[in-house]
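Descriptive analysis of the structure
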Amino acid sequence: MINKIIDFRSDTVTKPTTGMLDAMMSAKVGDDVFGEDETVHELETKLAGLFNMEAGLFCPSGTMTNQIGIKCFTQPMDEVICDQTAHVYRYEIGGIAFHSAASVRLLHGERGILTPELIEPEINEDNIHYPNSSLVVLENTVNKGGGSCYSLSQIASIHHLCNIKGLKLHLDGARIFNALTATGDSAYNYGKYFDGISVCLSKGLGAPVGSVLLGSKTTIHKAKKIRKAFGGGMRQAGFLAAAGIYSLDNHIERLKDDHKHAKNLAVALLQTSYVKSVMPVETNIVIFEVSKGMAEKVVHQFKEKGLLCNTTSSSTVRFVTHLDISPSMVDEAIEIILHLR
Ligand SMILES: *Cc1c(COP(=O)(O)O)cnc(C)c1O
């Protein structure tokens with residue numbers, strides 16, 4: 001029997017559903033660089049409202065919304081504080097140096113989760129030798145932390161410290177709706193803690209393209225100019241924004257299914273002899289450890305069975321569940337996991 005490919009490489013591999021395509025095809029559009037695309041405006045306003053922030057800016061990628069945010073909140077020669085696993089540091093090709101001419105102070109959080117106790121000693125005092133610490137970036141959920149989540153109270157305590165020390169706080173919320181689903185926190189309560197929030201529509205939410213940067217009206221006014229300088233101004237982008245609106249209306253509630261699927265996969269992995277350990281599963285990411293240097297081989301063995309996944313190091317493998325993974329595909333994946341080799 002030829003099985004259907006089960007693609008656990010990333011939650012970015014999803015294809016638009018027919019409902020989403022219908023919404024895209026019937027979108028009202030205009031030239032968004034002229035501020036005339038009402039669907040883009042609707043998406044930005046809708047997300048800003050959800051997170052209790054003043055304004056939003058639709059961009060082509062989460063890398064762009066993060067980098068624009070960082071540029072809005074820093075000056076050249078400043079320093080950005082983040083976890084050593086942070087996407088903004090590791091996977092945005094040195095964008096902080098390139099776009100913002102800022103240095104980075106890397107912290108070692110537990111599964112990427114920072115605390116005020118970790119951050120405070122790393123904030124530079126005013127000294128002629130030191131860069132000015134001006135921004136803390138959090139990631140929720142933490143990709144490299146295996147989808148680990150911050151609770152709102154953890155965020156509140158970090159915000160409190162930033163407020164006292166005069167630092168801005170930016171959230172890389174590529175998977176923020178996964179975090180909200182897992183913690184039960186409400187998006188509305190996030191707005192008061194962050195100066196900027198980047199929300200991805202093309203990860204768990206299943207839209208083909210797009211991220212939105214949220215912030216104050218002043219921040220978004222500045223961000224719009226930076227987006228233009230980055231070449232990110234889009235014209236009839238409402239077709240894409242419509243997919244984002246559809247995903248917010250239809251694909252948030254179901255994220256709990258992805259989380260349940262991830263937990264079931266972890267249970268199966270723990271029953272095998274080739275898996276040494278599995279990181280605690282909080283959301284839609286499962287990172288597991290195999291024997292030293294064996295990750296590539298395990299990924300290859302899975303691929304031969306029609307299950308696609310990626311290594312995250314020479315001894316760790318990652319599965320990500322998403323919209324295009326059905327319960328029967330999870331059952332099939334569990335069979336493959338239990339009978340590998
Ligand atoms: C995917 C991702 C982003 C943004 O990625 P793009 O591919 O540029 O949209 C940002 N942060 C995290 C944690 C991510 O996983």
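Scroll up to find the structure this text is about.
Residues numbered from 1 in each chain as written. Predicted model: local features only at pLDDT ≥ 70, side-chain atom pairs only at ≥ 80, totals over all residues. Heavy atoms only, no water.

A tally of regular secondary structure across the chain gives 13 helices and 13 strands. Principal-axis analysis of the C-alpha atoms gives the chain an extent of 60 × 50 × 35 Å. Burial statistics for the chain: of 341 residues in total, 54% are counted as buried. When contacts within the chain are restricted to residue pairs at least 6 apart in sequence, those whose partners lie at least 24 apart make up 76%. When the accessible surface of the chain is split by element, carbon and sulfur atoms take 54% of a total near 15100 Å². (Helix = DSSP H or I, 4+ residues; strand = E, 2+ residues; numbered from the N terminus. Buried < 20%, exposed > 50% of the residue type's maximum accessible area, 1.4 Å probe, protein only. Contact = heavy atoms within 4.5 Å. Areas by Shrake-Rupley, 256 points an atom, 1.4 Å probe, with all protein chains shown as cover.)

Next up on the list: the nonpolar core. With 50 residues, the main nonpolar core has Leu-47, Phe-51, Leu-138, Phe-177 and Tyr-190 as its most contacted residues. With five residues, helix α7 (residues 152-165) is the largest single contributor of residues to this core. With near-sequence residues (within four places) excluded, Phe-51 lies in contact with Ile-176, Phe-177, Leu-180, Ala-187, Tyr-188, Tyr-190, Gly-191, Ile-197, Val-199 and Leu-214. Counting residues in each nonpolar core, the second largest holds 30 residues, with Phe-8, Ala-266, Tyr-274 and Val-290 among its members. (Core = buried A, V, L, I, M, F, W, Y, C linked by side-chain atoms within 4.5 Å.)

What follows is about the environment of Gly-206. Position of Gly-206 among the secondary structure elements: in the loop between β7 (196-200) and β8 (211-215). Judged by its relative accessible area of 0%, Gly-206 falls in the buried class. Expressed as a C-alpha distance, the spacing of Gly-206 and Met-20, which sit 186 residues apart in the sequence, is 9.3 Å.

Around the ligand sit Ser-61, Gly-62, Thr-63, Asn-66, His-87, Glu-92, Glu-139, Asn-143, Asp-172, Ala-174, Arg-175 and Lys-203, and those are all the residues in its vicinity. Contact between the ligand and His-87: a nitrogen atom at 3.5 Å from a side-chain N or O atom of the residue. Between an oxygen atom of the ligand and a side-chain N or O atom of Lys-203, the distance comes to 2.8 Å. Coverage of the ligand by the protein chains reaches 83% of its 380 Å² of free accessible surface. Sort the elements by how many residues they give to the shell around the ligand and helix α3 (residues 62-73) lands first, with three residues. Class assignment for the residues of the shell around the ligand results in one nonpolar, six polar and five charged. (Near = heavy atom within 4 Å. Polar contact = N/O pair within 3.5 Å; in protein donor to acceptor, adjacent residues only side chain to side chain. Nonpolar A, V, L, I, M, F, W, Y, C, P; charged D, E, K, R; others polar.)

Sheet architecture is open: four strands sit in the order β9-β10-β13-β12, paired in antiparallel fashion. Every interior strand has two partners, whereas the edge strands, β9 (277-278) and β12 (310-313), have only one. Pairing of strand β10 (residues 285-289) with strand β13 (residues 316-320), which is carried by five bridges, proceeds in the antiparallel orientation. Each residue of the ladder has a partner; that of Val-286, found in β13, is Phe-319. (Pairing = 2+ DSSP bridges.)

With that settled, the discussion passes to the pattern of salt bridges. For the coordinates displayed, the defined rule picks out eleven salt bridges. As a salt-bridge pair, Arg-105 and Glu-122 come within 2.6 Å of each other at their nearest N and O atoms. With Arg-105 in strand β4 (residues 103-107) and Glu-122 in the loop between α6 (116-119) and β5 (132-139), the pair connects residues that are 17 residues apart, well separated along the chain. Judged by its relative accessible area of 22%, Arg-105 falls in the partly exposed class. Residues joined by salt bridges that share partners form a network here, namely Glu-79, Arg-105 and Glu-122. (Salt bridge = Lys/Arg side-chain N within 4 Å of Asp/Glu carboxyl O.)

For the rest of this paragraph, the subject is the sheet that holds β4. Strands sit in the order β2-β8-β7-β6-β5-β3-β4 across an open sheet of seven strands; the sheet is mixed. Looking at the sheet topology across the chains shown, the edges are occupied by β2 (55-59) and β4. Mean inter-strand twist for the sheet, computed between neighbouring axes without regard to direction, equals 20°. In the sheet, strand β6 (residues 168-173) pairs with β7 via four bridges, with the strands oriented parallel. Counterpart to His-170 in the pairing with β7 is Gly-196. (Axes fitted to C-alpha atoms, helices over the stretch in contact; angles between N-to-C directions.)

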